[in-house]
Amino acid sequence: MSPPYGTRLANKVAVITGAGSGIGLESSVLFASEGAQVVCADINEKGAAATAEKIASLFGEGRAVAIKADVSNEEDVKKMIQLAVTQFGKLNILFNNAGIMHPADDNALTTTEDIWDLTMKINVKGVWWGCKYAIEQMRKCGGGSIINTASFVALRGAATPQLAYTASKGAVLAMTRELAVVHAKENIRFNSLCPGPLRTPLLMEFLNTEEKKNRRLVHVPMGRFGEAIEQAKAALFLASDDSSYMTGTDFTVDGGLCSAY
Ligand code: NAD
């Protein structure tokens, strides 16, 4: 990334989960490039630290801090949000982005209770914990923006079965809409980001053969996987005041997938 940098998030403090890879990594760097101070959170401690170091090397010290946090653990989430306040004085933006897609064959007949519970714990409960503690801080700032990563599979039936994952992302959409309505008058905005299929470790480990990759691409009018930076740019829009009249949306960034027949 080279100068000039922007100011769309000047004086804003952001917490980003899943910051060690894919969308979270690209968003952390992009948000910092637009002036934000960023808490980079990930269950993968090394990944979070590497992202914070990258921000420091690009934009200088004091712009990012890393924390090991499992979003499905309430105490970890509490500490992660508190770190934004102790380190940078406030919280304006939360990007609840961390998520898992279990690589096992996951249809109604083959999925297990363990897979189901783990997926819900991270993808759904993790978003709830994040919102719960962020709302408390955002009230003190007179508002804020929360972006929850869902998926196109919550909007359309996925041809490659991933039942627990799909159900979890549907819950993210429903939860986000309700939060948006309940907290609208407090100027706390909530939007879901619904990515299409991306060339990140999460999906590439799942679509582990050329046949599976090609089958998924049949449904994408643009005929290619999306890149994490393309989601980060959408998340930046939702995080910034550029989207000041948007709340409760399912914001799709999917190469046209959801519009295709
Ligand atoms: P990724 O695998 O590149 O990154 C996910 C990150 O989340 C990793 O760094 C991982 O360590 C972290 N993580 C996993 N469990 C965690 C936990 N319990 N606590 C904290 N961090 C945890 O994947 P990605 O594609 O960047 O995925 C980001 C989000 O986008 C996920 O919510 C995913 O479901 C969603 N999504 C991805 C795609 C896709 O095609 N890749 C499509 C739609 C939605």
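Refer to the structure printed above.
Keep in mind the model is a prediction, meaning the values are calculated, not measured.

Visitor: Can you walk me through the overall build of the chain in this structure?
Guide: Counting its secondary structure elements, the chain contains eight helices and seven strands. Projecting the C-alpha coordinates of the chain onto the three principal axes gives extents of approximately 50 × 40 × 35 Å. Working note: accessible area of the chain is about 11900 Å², and carbon and sulfur atoms make up 53% of it.

Visitor: What should I look at first to understand the site of the ligand in this one?
Guide: Around the ligand sit 29 residues in total, of which S21, D42, Y165, L198 and T200 are the nearest. One of the backbone N or O atoms of I23 is found 2.9 Å from an oxygen atom in the ligand. A distance of 3.3 Å separates a nitrogen atom of the ligand from a polar atom in the backbone of I43. Its free accessible area being 830 Å², the ligand has 92% of it covered by the protein chains. Those elements giving two or more residues to the shell around the ligand turn out to be α1 (22-33), α5 (163-182) and α6 (201-206). Here the element with the most residues in the shell around the ligand is α6; it accounts for three residues. Classifying every residue of the shell around the ligand gives 15 nonpolar, eleven polar and three charged.

Visitor: Just to check I follow, could you spell out the packing of aromatic side chains for this structure?
Guide: Applying the stated criterion across every chain, the model contains four aromatic pairs. Each ring, one from Y5 and one from F59, has its centre 4.9 Å from the other, and the planes form 90 degrees; the classification is edge-to-face. Here Y5, found in the segment before β1 (13-17), pairs with F59, found in helix α2 (residues 45-59); they are 54 residues apart in sequence, far enough to count as distant.

Visitor: Help me out: how do you make sense of the nonpolar core in this one?
Guide: What tends to happen in soluble globular proteins is that the nonpolar side chains get buried as a cluster. Judged by nonpolar contacts, the single largest core of 37 residues is most densely connected at V15, V39, M80, I81, L94, I146 and F190. At the level of secondary structure, the elements contributing two or more residues to this core comprise β1, β2 (37-42), β3 (64-68), α3 (74-88), α4 (113-141), α5 and β6 (188-195). Top contributing element to this core by residue count: α4, with ten residues. Discounting residues that sit within four places of it in the chain, V15 has contacts with V39, M80, I81, A84, L91, I93, L94 and F95. Counting 28 residues, the second largest nonpolar core, distinct from the first, contains A19, A52, A239 and M246.

Visitor: Help me understand the pattern of salt bridges, please; the structure alone is not making it clear to me.
Guide: Following the criterion strictly, the structure yields eight salt bridges and no others. Note that D241 is salt-bridged to K12, the shortest N-O span being 3.7 Å. In this pair, D241 sits in the loop between α8 (228-239) and β7 (250-253) while K12 sits in the segment before β1, placing the two residues 229 residues apart along the sequence. By relative accessible area, D241 is classed as exposed at 52%. Between E230 and R224 there is a salt bridge whose closest N-O contact spans 2.7 Å. With a relative accessible area of 30%, E230 lands in the partly exposed category.

About the criteria used
Residues numbered from 1 in each chain as written. Predicted model: local features only at pLDDT ≥ 70, side-chain atom pairs only at ≥ 80, totals over all residues. Heavy atoms only, no water. Helix = DSSP H or I, 4+ residues; strand = E, 2+ residues; numbered from the N terminus. Areas by Shrake-Rupley, 256 points an atom, 1.4 Å probe, with all protein chains shown as cover. Near = heavy atom within 4 Å. Polar contact = N/O pair within 3.5 Å; in protein donor to acceptor, adjacent residues only side chain to side chain. Nonpolar A, V, L, I, M, F, W, Y, C, P; charged D, E, K, R; others polar. Phe/Tyr/Trp six-rings, centres within 6.5 Å; stacked < 30°, edge-to-face > 60°. Core = buried A, V, L, I, M, F, W, Y, C linked by side-chain atoms within 4.5 Å. Buried < 20%, exposed > 50% of the residue type's maximum accessible area, 1.4 Å probe, protein only. Contact = heavy atoms within 4.5 Å. Salt bridge = Lys/Arg side-chain N within 4 Å of Asp/Glu carboxyl O.

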